[in-house]
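A look at the structure
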Amino acid sequence: MGENSSSFLRSNLNSIQQIIKIMDIQYPLELIGTFVFAISGALAVRDKEHDLFGAGFTGFITAIGGGTLRDVLLGSYPLVWIGDVYFLYAILLGVLAAFVFPRFLIKLRKTMFLFDTIGIGFFTVLGVEKALAFGVRPEIAAIMGMFTAVMGGVIRDTLVNEIPILFRKEIYASACLTGAILYLLLNYSGLERDYNLLISISVIISIRLVAVKYKLSLPRLE
């Protein structure tokens, strides 16, 4: 009996250690992604004659829009940024960075684009995982993953009176949806989570980068 209990305890400790190891990487990446999305939202109003509040509001909506929509649809409360104040701090830092160093950040457009691309890859997979944890069907989980990644940008573009990136020729949401479906297929096949994360996120990033570099787009509806 004591031996069985000891074995069970060791097994649970190993599982907990693995979760902590994953979260140690995942949590800061989520904060960095939120920070970068807040910068992109705040910079989007740079030429629109908005003040700090307007930039802050747009940055805030850009950073939390996709995740908030996902959580509301899934019935997940409290919302992530309400349950963890550090996400709010990441947004505030992003907005302040955009306000204090706008020219410097604009010079880093390529770097910011890369961070944004990494962000949509990461948030897509996180959205899929959270939806699956709530017991939804895989098809819905893929859509939730895509919403998590792109809806903040859609709301940002709408607020600044631009055509949302979702409706432009660029391959954006379709890259996220492709990565989400791939994650589900690999998850169904039993691939270890770490490898699945790496492969699925890499595919989203690769599709986005290649599409932008070679100006690829989906066929237009005539």
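Residues numbered from 1 in each chain as written. Predicted model: local features only at pLDDT ≥ 70, side-chain atom pairs only at ≥ 80, totals over all residues. Heavy atoms only, no water.

Examining helix α7 (residues 138-159)
An α-helical turn contains 3.6 residues, so a residue and the one three or four places further along point in the same direction. In this model, α7 (22 residues) spans 31 Å end to end at C-alpha, consistent with the 32 Å of a helix rising 1.5 Å per residue. A positive phi of about 60° marks Asn 161, the residue just after α7. (Helix = DSSP H or I, 4+ residues; strand = E, 2+ residues; numbered from the N terminus. Expected span 1.5 Å × (residues − 1).)

Considerations on helix α2 (residues 52-74)
For α2, with 23 residues, the first-to-last C-alpha span of 33 Å sits near the 33 Å given by 1.5 Å per residue. Among the 23 residues in α2, 17 count as buried, and that is most of the element. Positioned one or two residues after α2, Gly 75 has a phi angle of 75°, which is positive. (Buried < 20%, exposed > 50% of the residue type's maximum accessible area, 1.4 Å probe, protein only.)

Describing the packing of helix α6 (residues 109-133) against helix α9 (residues 193-213)
Any two packed helices are characterised by the angle at which their axes cross and by the distance between the axes. Running from N to C, α6 and α9 cross one another at 140°; their axes reach a closest spacing of 9 Å. In terms of orientation, α6 and α9 fall into the oblique class. As α6 packs across α9, the resulting crossing turns out to be right-handed. Packed against α6, whose contacting residues are Phe 113, Leu 114, Thr 117, Ile 118, Ile 120, Gly 121, Phe 122, Thr 124, Val 125 and Glu 129, the element α9 presents Arg 193, Leu 197, Ser 200, Ile 201, Ile 204, Ile 205, Arg 208, Leu 209 and Val 212 at the interface. (Axes fitted to C-alpha atoms, helices over the stretch in contact; angles between N-to-C directions. Parallel < 35°, antiparallel > 145°, perpendicular 65-115°, else oblique. Left-handed = near helix turned anticlockwise from the far one by under 90°. Contact = heavy atoms within 4.5 Å.)

Points about the UniProt feature "transmembrane region" (unreviewed entry) in the chain
Those residues carrying the UniProt feature "transmembrane region" (unreviewed entry) are residues 25-45, 52-73, 79-101, 113-134, 171-189 and 195-212 in this numbering. A helix fraction of 87% and a strand fraction of 0% characterise residues 79-101, whose end C-alpha atoms lie 30 Å from each other. Secondary structure across residues 171-189 divides into 84% helix and 0% strand, with the first and last C-alpha atoms of the span separated by 27 Å. (UniProt positions renumbered as here; feature names shortened; annotations may be inferred.)

Observations concerning the packing of aromatic side chains
On inspection of all chains with the given rule, the structure shows five aromatic pairs. Pairing Phe 37 with Phe 123 gives two aromatic rings, centres 5.5 Å apart and planes at 45°, and the pair type is tilted. Residue Phe 37 is located in helix α1 (residues 2-43), and its partner Phe 123 is located in helix α6; the two are separated by 86 residues in the primary sequence. No difference in accessibility class separates Phe 37 from Phe 123, as the two residues are buried. On the numbers, 5.1 Å between centres and 85° between planes, the contact of Phe 60 with Trp 81 is edge-to-face. One end of the pair, Phe 60, is in helix α2; the other, Trp 81, is in helix α3 (residues 80-83), and 21 residues separate them in sequence. Owing to a relative accessible area of 24%, Trp 81 belongs among the partly exposed residues under this scheme. Put simply, the rings of Phe 37, Phe 122 and Phe 123 touch in pairs and so form one group of aromatic residues. (Phe/Tyr/Trp six-rings, centres within 6.5 Å; stacked < 30°, edge-to-face > 60°.)

Overview of the pattern of salt bridges
For the coordinates displayed, the defined rule picks out five salt bridges. When the shortest N-O distance is used, the salt bridge between Asp 71 and Lys 130 registers 3.1 Å. Here Asp 71, found in helix α2, pairs with Lys 130, found in helix α6; they are 59 residues apart in sequence, far enough to count as distant. A salt bridge links Glu 139 to Arg 137; its shortest N-O distance comes to 2.9 Å. Here the residues in one salt-bridge network are Arg 70, Asp 71 and Lys 130, joined through shared partners. (Salt bridge = Lys/Arg side-chain N within 4 Å of Asp/Glu carboxyl O.)

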